[in-house]
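Structural overview for review
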Amino acid sequence: MYRRRPALATALATLLTATTAACGDAGGLRGAGPTPTAVSPARLWPSLRPAASPAWPYDEIQIETVKGVSAPGDDIHAVDPVAVVRAEVAAHPDAYTSTKAPYRDTSVRLAECGAQQDPSRCPVMRPYYRDLTGDGHDDMALGFRLYPTNLTAVRVYTFEGHRLVQVFANDDAVIGVELAGRAVIIRSPAGIAGYEYRTTWSWDPEQRAMVFSRDEFLSTGRHRPTHARTHAPLAASPAPPTRDPSPSPSSLTAASSAPSSSASVR
């Protein structure tokens, strides 16, 4: 019994020595090579007068009450998407119905929306539903084509105070639209091979609207230029009119970019 202890001690010492030898360099610091010299940012044209306003109202909040459209119990699922688009057309004749309206064909093709009509000619696309405002109720993300151009209108609607309110509006040449959380992500052509723009609009509880929150210029891994899948705008078409957002607090609401039935829009 006592004779075995020295042997056991010797074996343990040998094992510890081997382990120590094997791990002797663990955790040691190693050089990562020379560190480049830090260069502070160089400010160009310090005498340049700072701009006081943006070149384009890209983050303009567009909130509107949709007139003439309602639903029992403020159920957004019971709202007729075509009726919503017709209400927008009626509210903006300069964009849809006047002689020089850039999207006049959209108003004309609304007549094709219906059970007895040709659905392939209807400019209104399938709606998607998701709680984008965080109030526990679904909101509606709706898209419709702006003929004869290659633009797509993307809208988000919610009920507030028993009124249907548009809390997001964006017209763009669209590759795809996604809903993620409480945000709408719009992918559009960049015009440069292998790249695209992705803009994100997120729900802002203070503004009671979807506001511009992020703009990205990303590689798609493709080497061909990305183009919208419809014909280009007519050369003679005038520029789309700028719509007055008129965000009065009394006409705000809760709404739909992370689609009850969530989905990605195409």
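Because the structure is a prediction, the values reported are computed rather than measured. (Residues numbered from 1 in each chain as written. Predicted model: local features only at pLDDT ≥ 70, side-chain atom pairs only at ≥ 80, totals over all residues. Heavy atoms only, no water.)

Let us now look at the overall build of the protein chain. A count of helices and strands for the protein chain gives four helices and nine strands. Ordered by position from N to C terminus, the α and β elements of the protein chain give α-β-α-α-α-β-β-β-β-β-β-β-β. Each of the 266 residues in the protein chain was classed as buried or not, and the buried ones make up 39%. Carbon and sulfur atoms form 56% of the exposed surface of the protein chain, whose accessible area is close to 16500 Å². (Helix = DSSP H or I, 4+ residues; strand = E, 2+ residues; numbered from the N terminus. Buried < 20%, exposed > 50% of the residue type's maximum accessible area, 1.4 Å probe, protein only. Areas by Shrake-Rupley, 256 points an atom, 1.4 Å probe, with all protein chains shown as cover.)

Hydrogen bonding along the main chain pairs the strands of a sheet, whether they run parallel or antiparallel. One open sheet holds the five strands; their spatial order is 1-5-4-3-2, and the pairing between them is antiparallel. Lying at the two open borders of the sheet, with one neighbouring strand each, are strand 1 (64–65) and strand 2 (128–130). With seven bridges joining them, strand 3 (residues 139–146) and strand 4 (residues 151–160) adopt antiparallel strand pairing. Counted as the bridge partner of Arg145 is Thr152 from strand 4. Running over the sheet, helix 2 (residues 81–91) touches strand 3, strand 4 and strand 5 (163–172) and is turned about 60° from strand 3. (Pairing = 2+ DSSP bridges. Contact = heavy atoms within 4.5 Å. Axes fitted to C-alpha atoms, helices over the stretch in contact; angles between N-to-C directions.)

Turning next to the packing of aromatic side chains. One pass over the structure, following the stated rule, counts five aromatic pairs. Aromatic side chains Phe168 and Trp201 sit 5.3 Å apart centroid to centroid with 55° between the ring planes, which places their arrangement in the tilted category. One end of the pair, Phe168, is in strand 5; the other, Trp201, is in strand 8 (residues 195–204), with 33 residues separating them in the sequence. Of the two residues, Phe168 and Trp201, neither departs from the other in class, the shared state being buried. With centroids separated by 5.3 Å and ring planes inclined at 50°, the aromatic side chains of Tyr197 and Phe217 adopt a geometry described as tilted. (Phe/Tyr/Trp six-rings, centres within 6.5 Å; stacked < 30°, edge-to-face > 60°.)

The predicted model of the protein chain averages 79 in pLDDT, with 71% of residues at 70 or higher. Within the model, pLDDT remains below 50 along residues 1–6, and this stretch shows zero contacts once partners closer than five positions in the same chain are excluded. Confidence drops under a pLDDT of 50 for residues 228–266, and excluding neighbours within four residues, the segment shows 128 contacts in the predicted structure. (pLDDT = per-residue confidence, 0-100.)

If you walk through the whole model with that rule in mind, you get seven salt bridges. Between Asp171 and Arg155 there is a salt bridge, with its nearest N and O atoms 2.8 Å apart. With Asp171 in strand 5 and Arg155 in strand 4, the pair connects residues that are 16 residues apart, well separated along the chain. Look at Arg155 and you get buried, because its relative accessible area is 0%. (Salt bridge = Lys/Arg side-chain N within 4 Å of Asp/Glu carboxyl O.)

With that out of the way, let us pick up the side chain of Ser188. Residue placement: Ser188 occurs in strand 7 (residues 183–189). Once residues within four sequence positions are removed from consideration, Ser188 is found in contact with Asp172, Ala173, Ile175, Glu196 and Tyr197.

Inspection of every chain in the model, using the stated rule, returns one disulfide. One disulfide bridge connects Cys113 with Cys122, the sulfur atoms lying 1.9 Å from each other. One disulfide, between Cys113 and Cys122, carries an S-S torsion of 95° and so falls in the right-handed class. Given the relative accessible area of 15%, Cys122 is considered buried. (Disulfide = S-S within 2.5 Å.)

Let's shift gears to the pairing of strand 5. Summarising burial for strand 5: eight of the ten residues are buried, a large majority. Inspection of the sheet shows strand 1 paired to strand 5 by two bridges, in the antiparallel sense. Among the inter-strand pairings, Glu64 is bridged to a residue of strand 5, identified as Gln166. Across nine bridges, the pairing between strand 4 and strand 5 is antiparallel. When the bridges of strand 5 are listed, Val156 appears paired with Phe168. The turn linking strand 4 back onto strand 5 is made up of two residues, and Gly161 within it adopts a positive phi angle of 60°.

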